[in-house]
Amino acid sequence: MNVRQFAAVSLSAAILFGGSFTSASAKGGADEKGYKETYGTSQITRQDMKDMINQHGDDKFTVPSFDASTIKNVESATKTDENGNKIKMDVWDTWPLQNADGTVAEYKGYQIVFGLAGDPNNPNDTFIYMFYKKAGDDSIGAWKNAGRVFDDEDKNKANDKYLKGQVEEWSGSALFTDDGEIRLFYTNRGDFDESKELFGRQTLTTAQVNVSEKGDKDLQVDGIEDHKSIFNGGDGKTYENVEKAFEDRNFNNNHTFRDPHYIEDKGHKYLVFEANTGTEYGYSGEDNLYNRAYYGKSMKFFRDELKNLQNSPKKETAELANGAMGIIEINDDYTFKKEKKPLLVSNTVTDEIERPNIFKKDGKFYLFTSARGSKMTIDGIDDEDIYMLGYVSNSLDGPFKPMNKTGIVLHQDLDPNDITWNYAHYVIPQEKSDKFVVTSYMTNRGYFADHKSTFAPSFLLDIKNKKSSVVKDGTLEQGQITYDGK
């Protein structure tokens, strides 16, 4: 047991048994202030999340309301099962084909989005499909379906041990390269079978997607090449790997390693992704509860919040919570080069800060992440709260400072059974406008017979340095990804 752990245990005992905030330390002094260690990362603090509650209901941050009667399914999102039956699919997380600067790319006059889709009655049917439309036609009916990106056998053809175990395809990003190629980054999710020591390993993965035009109205996927794993956590020191996450078979631990988002800076290539902190960056455990860096600046807030957590049913969840926005550098051939320290962490707050979205605009780096209240440990935030949080930095390495004082950019509080419930918000910089387009999906998967998970109506966002606001009357078409200012 190290000094900090000893101090933490002693402090815990003092609180539980009504004693004062004192404990012995190696220096013989009274450790009544916990400790403060940032590990060189930026933090989503408990104080920020508490203050964020006071911003609920502010129109600047509230996801627009939508008319349920106007919401349409993605009609092209169909597939045929093994018996020849046509299935109308749910479509949820999507991401556009983007240029290196984050703007939407055009491929031979088409706009392309990749997205997760599957049978509403089979939660394990989660694979990546390619949707496309002619640029300029923003109606939801314009989106066509080119089908699954990968064939069932593609995972075996790559001679990659992690790909061979793939059971599902999860979210990522897509780059239109300078060479005119489509480079897809996504998450390979492995099987979960405790008897075989398999725990749903998540691996950052890539492939080149070959696409061609069929006639003058359609695109088709012509297969993939250069399909390979990139990274899934290494030795676990910087980012929690699956072996460390479940070494004690505690399946309450919500392990994440997914959603790779491509970005370039100064001639270098990077992937930013959702992860959890590793053993040298705060990791998880009771010791985390005594790190003031995760609380905020006020000593009084730290003491009050710590005492509250000690008597809270959320204590164990807070101990395990160690969400992170990770970053690795990759080589020009899209193979792993090196780890970098996390850009942002959410220790004690939540295990899950999802779908990182990062781009550079006007000399600043903007980092966004989706988060659910149901995964958080903050009193006053409940299961129906949905957020997109935003952070800004002058450097890709950080530090990242919260936008709008607390990090709030979008908030939604809807019953999940509402057709207009939406999630996985994604900010897209525009080539022809200083506004930003926000996309998401709408309607929970499998909740309704006739309403499928679908492209939500997009809407406009203003961003100026550390401030943002939802544009009044800025609602766009379902699935719209570009805006020209008109």
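Remember, predicted model here, so these are calculated numbers, not experimental data.

A. Fine view of the overall build of the protein. In terms of helices and strands, the protein carries seven helices and 27 strands. In terms of overall dimensions, the protein is globule-like: its C-alpha atoms have a radius of gyration of 23 Å, near the 23 Å expected for 486 residues. Counting only C-alpha atoms, the protein reaches 80 × 50 × 45 Å along its principal axes. Contacts in the protein between residues at least 24 apart in sequence constitute 62% of all its contacts with a sequence separation of at least 6. As displayed, the protein has an accessible area near 20,300 Å², and 43% of this comes from carbon and sulfur atoms. Across the protein, the mean location of the 61 positive side-chain charges is 5 Å away from that of the 79 negative side-chain charges.

B. Local environment of helix H2 (residues 46-53). For H2, every residue scored as buried is listed here: Arg46, Gln47, Asp48, Met49 and Met52. Looking at the buried residues of H2, the elements they touch are helix H6 (299-310), helix H7 (315-320), strand S20 (385-393), strand S21 (401-402) and strand S22 (408-413).

C. Examining the sheet that holds strand S4 (residues 90-98) more closely. Sheet architecture is open: eight strands sit in the order S7-S6-S5-S4-S8-S9-S12-S13, paired in mixed fashion. Sheet topology places strand S7 (144-148) and strand S13 (218-231) at the edges, where each strand pairs with a single neighbour. Here the strands of the sheet are splayed against their neighbours by 30 degrees on average, with no regard to which way each runs. Two elements, strand S12 (residues 202-214) and S13, share nine bridges in a ladder whose sense is antiparallel. Considered in S13, the bridge of Val211 is made with Val221.

D. Quick look at the packing of aromatic side chains. One pass over the structure, following the stated rule, counts 24 aromatic pairs. For the pair Tyr39 and Tyr281, a centre-to-centre distance of 6.4 Å together with 50 degrees between the ring planes defines the contact as tilted. Placement of the pair is Tyr39 in the loop between helix H1 (3-16) and strand S1 (42-43) and Tyr281 in the loop between strand S15 (268-276) and H6, with a sequence separation of 242 residues. Judged by its relative accessible area of 22%, Tyr39 is partly exposed. Judged by centre distance (5.2 Å) and plane angle (65 degrees), the rings of Tyr239 and Phe273 are edge-to-face. With Tyr239 in the loop between S13 and helix H5 (242-245) and Phe273 in strand S15, the pair connects residues that are 34 residues apart, well separated along the chain. Ring pairs connect the aromatic residues Phe231, Tyr239, Phe257, Phe273 and Phe336, which therefore count as one cluster.

E. View of the nonpolar core. Counting residues in hydrophobic clusters, the biggest one holds 47 residues, and the most contacted among them are Ile112, Phe114, Met130, Phe131, Val149, Ile182 and Leu184. Going through the elements one at a time, S4, strand S5 (110-118), strand S6 (127-134), strand S8 (166-176), strand S9 (182-190), S12, S13 and strand S23 (422-429) are the ones with two or more residues in this core. With sequence-adjacent residues up to four places away left out, Met130 is seen in contact with Ile112, Val113, Phe114, Lys144, Asn145, Ala146, Gly147, Val149, Val211, Leu219 and Val221.

F. Region of the structure containing the pattern of salt bridges. Across all of its chains, the model carries 31 salt bridges by this definition. When the shortest N-O distance is used, the salt bridge between Asp93 and Arg355 registers 3.8 Å. Here the residue Asp93 occupies a position in strand S4, and Arg355 occupies one in strand S18 (residues 354-361), the gap between them amounting to 262 residues. Across the pair, exposure class does not vary: Asp93 and Arg355 are buried alike. The residue Glu354 makes a salt bridge to Arg372 at a minimum N-O spacing of 3.7 Å. Here the residue Glu354 occupies a position in strand S18, and Arg372 occupies one in strand S19 (residues 364-372), the gap between them amounting to 18 residues.

Rules behind the numbers
Residues numbered from 1 in each chain as written. Predicted model: local features only at pLDDT ≥ 70, side-chain atom pairs only at ≥ 80, totals over all residues. Heavy atoms only, no water. Helix = DSSP H or I, 4+ residues; strand = E, 2+ residues; numbered from the N terminus. Rg over C-alpha atoms; globule rule 2.2 N^0.38 Å. Contact = heavy atoms within 4.5 Å. Areas by Shrake-Rupley, 256 points an atom, 1.4 Å probe, with all protein chains shown as cover. Lys, Arg positive; Asp, Glu negative; His and termini not counted. Charge placed at Lys NZ, Arg CZ, Asp CG, Glu CD. Buried < 20%, exposed > 50% of the residue type's maximum accessible area, 1.4 Å probe, protein only. Pairing = 2+ DSSP bridges. Axes fitted to C-alpha atoms, helices over the stretch in contact; angles between N-to-C directions. Phe/Tyr/Trp six-rings, centres within 6.5 Å; stacked < 30°, edge-to-face > 60°. Core = buried A, V, L, I, M, F, W, Y, C linked by side-chain atoms within 4.5 Å. Salt bridge = Lys/Arg side-chain N within 4 Å of Asp/Glu carboxyl O.

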